[in-house]
Amino acid sequence: MSHKYYRVAPLAAAITAALSFSVSAVGIPTAYEIVEGPLTLDNTDSAVGVSTDGAALFGESQSATATPSTSIPFLGSSFIFQDEAFISINGQIEPAAEPNVDPETVDPLTPRISAFLNGTQGTNLFGNVTAPMQTVETTATDSDESSKRFYRDYELRAFIKTPDALTFLNPSADSITYNAPLEPDGDDSTTESNETVALTVGGLSSVSGIDGDLAVGSSTVELTDSAKTALNNCVDTTIAINDDANKAKARAVCVQASQNNGQVAYQTQASFWSIGSVVAPNSDTGIEPTLLPLGFDPADGISASSQAFAINSASQHVVGQSTRVTGSGDEQAVIAGGPWATYWNITSVVNSERQLTNSDVTFVGPTFADDERYRASDLVAINDKGIAIGNLALFDGDLEFGFINTAENQQQFTVPTLSSSLPVRVSSINNNDIVVGYQEVQSVASFANAKHGFIYDLDLDDSNTDQAPTNLNHLLTCESLDLSDEPLEDGRKLANIIITNASHIDDDGNIAATVTQRVETDGQTQVLSRAVLLKPVIDGTSACDPSTVAYGQDFGKHERQGASFGWWALLLAPMVWLRRRFG
């Protein structure tokens, strides 16, 4: 398998300039310029965050990976970078130019770990990472079969990386080890007197937000019944490992095979970790989670899950999504669709008063029980004022966005009446109530992504919500758009750069965004995905006149044609980190 690398221009000098720009004074900036991102790996480079001073861009590069198999070495497929350099996570520095996937020749320089970046806090990074690969010898005699097997102790673990340390955030201990029943006639000499055999399955954890001394996200709490059934087969596995006196490694390989086949599933729950001042490596033991309450006590047969996406210690709230039910006792039933937008008041934890209870959970409507148009919802971000934003999925495939004020204990979304009917998904809000995300557009020749990044001012003081999101492409300078030399038949010039998503905005208006760029390489046209930093223009340069540029379809000018499954399908995934694909 070969990996292609494209290195583009380094960050411009402007990124280090001391900029003074206040979005709160002028609302949405009148123009933006692109500061180019550093790397492109197999066309899947994306931006995640910006440093506190707006001078560094953090992102994630992904590459293709082999179908997981215990007979093939793991191949790292996701890598974290800052500006022009990859960042070492769990001992992995950067992707290899020519990864070695021959199981008989495991090149130590080939990356076997995948790291996923979920966000930044100053110069601290947080995300998820896979465990290091372990190799064992088998007693295989078939010349066509490898003599090696490969496994790892966990599939995904949350981490926080400071400039000096790497600390792991563990899942619930009950999901890390499974005590499988040992058959009465089992002949395992090391466990024959025990009733169970301990299998390491690892559990999963994900961190989505950090504020002060708390990190929030999700952790697995227990294996599902179907997963336990699959893992029971690993007790007396017939996998032949050279170390026959102890079947622990053979069982580990069997567990890995079950992981690869998707047979290991868990119950999951929103969690927080008390991280304090993370200044020393803590990779051996990690930090244990505290589970956020579900908001109800599940009756027998009710399966419930939840996930936290962001935290705001200023208003002392955590936002996310969870299962919702109606009724109680024998009448308890899960609300169709879901999960649904939820937030937790963590005042008692911050003040060290008491543990959280179900009374600290607030569910946000509407749900399917209120309006049968709605399929699911979430809350993805919150600012220091307590204004939280989220997305609402409809059964017809559309997607709306809304906001609430958690400081006022609001329980119902305010959904702006947009002048555009196209689906929109939000991702970030700053303390000036400026929101960014992406909006669906019709497909455009040469660009596979049918979406454009947008910026929107909630304008809470004026309560004027009858406006369209502003297409960020319309705010770019002509230079940033990389216009074609030759005009099209209608006289417009083609924009070779299109902003497809805005993932984060800070209080100075700096935006971490992802673009597609059309480039010519050896006479062939390629469309690459790149992470970029957008900065408000302060030298008086104007945005390029949209009437002179061919971007593709504009916001609000075309009615949406047919349903788009992908929008609400992403929202419906019970755990965002389970949507991550890792090698």
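Located above this text is the structure these notes cover.
Quick caveat, the model's predicted, so the values are computed rather than measured.

### Here's the deal with the pattern of salt bridges
Point 1. Applying the stated criterion across every chain, the model contains eight salt bridges.
Point 2. Glu-155 is the salt-bridge partner of Arg-152, the closest N and O atoms lying 3.0 Å from each other.
Point 3. Taking relative accessible area as the criterion, Glu-155 reaches 7% and is therefore assigned buried.
Point 4. The partner of Asp-433 in a salt bridge is Lys-385, with the nearest N and O atoms 3.0 Å apart. A residue pair is termed long-range when its members are at least 10 positions apart, and Asp-433 in the loop between β30 (424–429) and β31 (434–440) and Lys-385 in the loop between β27 (374–382) and β28 (387–394) qualify at 48 residues.

### Here's the deal with the sheet that holds strand β37 (residues 524–536)
Point 1. The sheet built from four strands is open, its strands ordered β2-β37-β36-β35 with antiparallel pairing. Looking at strand neighbours, the two that pair on one side only are β2 (32–35) and β35 (497–505), the edges of this open sheet. Between one strand and the next, the sheet's axes are offset by a mean angle of 35 degrees, whatever the strand orientation.

### Quick look at the environment of Leu-57
Point 1. As for its placement among the helices and strands, Leu-57 is situated in strand β5 (residues 57–62).
Point 2. Overall, the relative accessible area of 0% leaves Leu-57 in the buried class.
Point 3. Separated by 26 residues in the primary sequence, Leu-57 and Asp-83 have C-alpha atoms spaced 5.4 Å apart.

### Considering the state of the cysteines
Point 1. In this structure the tally under the stated criterion is two disulfides.
Point 2. Between Cys-234 and Cys-254 runs a disulfide, and the two sulfur atoms are separated by 2.1 Å. Disulfide Cys-234 to Cys-254: torsion about the S-S bond roughly -80 degrees, handedness left-handed. Of this pair, Cys-234 sits in the loop between α2 (225–232) and α3 (248–260) while Cys-254 sits in helix α3, placing them 20 residues apart in sequence. Residues Cys-234 and Cys-254 agree in their burial class; the two are buried.
Point 3. At a sulfur-sulfur separation of 1.9 Å, the disulfide partner of Cys-478 is Cys-544. Between Cys-478 and Cys-544, the disulfide has an S-S torsion of 90 degrees and is therefore right-handed. Of the two residues, Cys-478 sits in helix α5 (residues 478–481) while Cys-544 sits in the loop between β37 and β38 (549–550), which places them 66 residues apart along the sequence.
Point 4. Among the residues examined, Cys-478 registers a relative accessible area of 36% and is labelled partly exposed.
Point 5. Each bonded cysteine of the chain gets a number by its place in the sequence, and the pairs then read 1-2, 3-4.

### Some thoughts on the sheet that holds strand β26 (residues 361–363)
Point 1. Strand order in the open sheet made by the four strands is β21-β22-β25-β26, with antiparallel pairing throughout. If you trace the sheet from one side to the other, it starts and ends with β21 (306–312) and β26, each paired once. Geometrically, the sheet is characterised by an average inter-axis angle of 25 degrees between neighbouring strands, direction not taken into account.
Point 2. Pairing of strand β25 (residues 340–345) with β26, which is carried by three bridges, proceeds in the antiparallel orientation. Counterpart to Trp-344 in the pairing with β26 is Val-361.

Definitions and limits used
Residues numbered from 1 in each chain as written. Predicted model: local features only at pLDDT ≥ 70, side-chain atom pairs only at ≥ 80, totals over all residues. Heavy atoms only, no water. Salt bridge = Lys/Arg side-chain N within 4 Å of Asp/Glu carboxyl O. Buried < 20%, exposed > 50% of the residue type's maximum accessible area, 1.4 Å probe, protein only. Helix = DSSP H or I, 4+ residues; strand = E, 2+ residues; numbered from the N terminus. Pairing = 2+ DSSP bridges. Axes fitted to C-alpha atoms, helices over the stretch in contact; angles between N-to-C directions. Disulfide = S-S within 2.5 Å.

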